[in-house]
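As a plain string of letters, each chain reads:
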Amino acid sequence: MLDISFPPFCAFLGSLGLLCVALVGAWCQHWRGGFSLDGGSRTFNWHPVLMVTGLVVLYGAAALVYRVPNTWNGPKLPWKLLHGGLALGAFVLTVLGLAAVFHFHNSNGTPNMYSLHSWMGLGTILLFSCQWAAGFGAFLLPWAPAWLRQLYKPIHVFFGSTILMLSVASCVSGINEKLFFSLKNGTTQYKLLPAEAVFANTLGILILLFGVLVVGALARPSWKRPDSNSLDSRQL
């Protein structure tokens, strides 16, 4: 990888994440009619916005908390709370996004859970919920034994990256599915590549780039928190 320090990389990644959120919001507002809670198509529009914001961007931010050099010294508990809090916020937004699409489907008589996108998305959310619960029990509960934390830590790290990759795949497949469903009349056909298709395809590429950069940052040895044999598994 390029020889770059973490702070400027983090600033770039944060800007990219905010850009993804802004673009998915602009797509739903400009081309898909905006937002509502009436059960119509505008209710569905909350789904991509909340999923990209929670399941990708906020989740990615939570994953990178321990790559910030300020977290390497001093008590770990505040950073554990920040990591867990960001992940919990991401999960809440994700559940709200899931509720929005179910509300839209049920209001319009559309079947639920029949597409590959829906299977992959729900599987990712279930895995995310298990990851958060297991992390809370192993790293935040004061009575969790040190040996359990040491045993579970590499599993937690592995599934953290795995869930992010699944989240990106779910969001990109969802964008593609929405375009196929929406752009099918007259000159707006997806295969004719109208402006909305170019915009949404670009959004998908940026989401993919965000995910790849987060996983790359997690894998870079020089950005990992140094191990501390004495305090690594304690709350203080």
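Just so it is clear, the structure is predicted and the values come from calculations on it, not from any experiment.

Engineer: Break down the layout of surface pockets for me, citing the residues and quoting the values.
Structural biologist: Reported here for the largest pocket is a volume of approximately 820 Å³. Lining the largest pocket are 30 residues; nearest its centre among them are Y66, H83, K153, H156 and V157. Elements with a contribution of two residues or more to the lining of the largest pocket: α3 (46-63), α4 (77-107), α5 (116-140) and α6 (146-182). When its residues are assigned to classes, the lining of the largest pocket shows 12 nonpolar, 9 polar and 9 charged. Volume-wise, the second largest pocket comes out at about 570 Å³. What lines the second largest pocket is a set of 29 residues, among which F44, H47, V101, H117 and E177 lie closest to the centre. Broken down by secondary-structure element, the contributors of at least two residues to the lining of the second largest pocket are α3, α4, α5 and α6. In terms of residue count, α6 provides more of the lining of the second largest pocket than any other element does, 7 residues in total.

Engineer: Any details on helix α1 (residues 6-30)? Residues and values, ideally.
Structural biologist: A rise of 1.5 Å per residue sets the reference length of α1, with its 25 residues, at 36 Å; its end C-alpha atoms lie 35 Å apart and thus fit the reference within 8%. Those residues of α1 lying buried are F6, F9, L13, L16, G17, C20, L23, V24, G25, W27 and C28. Each element contacted by the buried residues of α1 is listed here: α3, α6 and α7 (195-219).

Engineer: Can you lay out the environment of P226 for me, pointing to particular residues and giving the numbers?
Structural biologist: Along the chain, P226 turns up in the segment after α7. For P226, a relative accessible area of 47% puts it in the partly exposed group. Sequence-wise, P226 and P78 are 148 residues apart; in three dimensions their C-alpha atoms are separated by 17 Å.

Engineer: Please give an account of the state of the cysteines that cites residues and values.
Structural biologist: Here, the word disulfide means a covalent bond between the sulfur atoms of two cysteines. The tally for this structure, following the rule as stated, stands at 0 disulfides. Just so you know, C130 is unpaired, no disulfide at all, and the nearest cysteine sulfur is the one on C171, 19 Å from it.

Engineer: I'd love a proper account of the pattern of salt bridges, names of residues and values included.
Structural biologist: For side chains of opposite charge, pairing can occur when their charged atoms come near one another. If you walk through the whole model with that rule in mind, you get 2 salt bridges. The partner of E196 in a salt bridge is R32, with the nearest N and O atoms 2.8 Å apart. Pair noted here: E196 is in helix α7 and R32 is in the loop between α1 and α2 (41-44), with a separation of 164 residues, a long-range link. Here R32 falls in the partly exposed class, since its relative accessible area comes to 22%. Here R42 makes a salt bridge to D38, at a shortest N to O gap of 3.8 Å. Residue class for R42 comes out partly exposed when judged on its relative accessible area of 35%. D38 gets classed as exposed once you look at its relative accessible area, which sits at 52%.

Conventions used here
Residues numbered from 1 in each chain as written. Predicted model: local features only at pLDDT ≥ 70, side-chain atom pairs only at ≥ 80, totals over all residues. Heavy atoms only, no water. 1 Å grid on protein atoms, 1.4 Å probe; cavity = no way out; pocket = protein on both sides within 12 Å on 5 of 7 lines; lining within 4 Å. Points joined across faces, edges and corners; volume = space filled by probe spheres on them. Helix = DSSP H or I, 4+ residues; strand = E, 2+ residues; numbered from the N terminus. Nonpolar A, V, L, I, M, F, W, Y, C, P; charged D, E, K, R; others polar. Expected span 1.5 Å × (residues − 1). Buried < 20%, exposed > 50% of the residue type's maximum accessible area, 1.4 Å probe, protein only. Contact = heavy atoms within 4.5 Å. Disulfide = S-S within 2.5 Å. Salt bridge = Lys/Arg side-chain N within 4 Å of Asp/Glu carboxyl O.

That is the geometry; function is a separate question.
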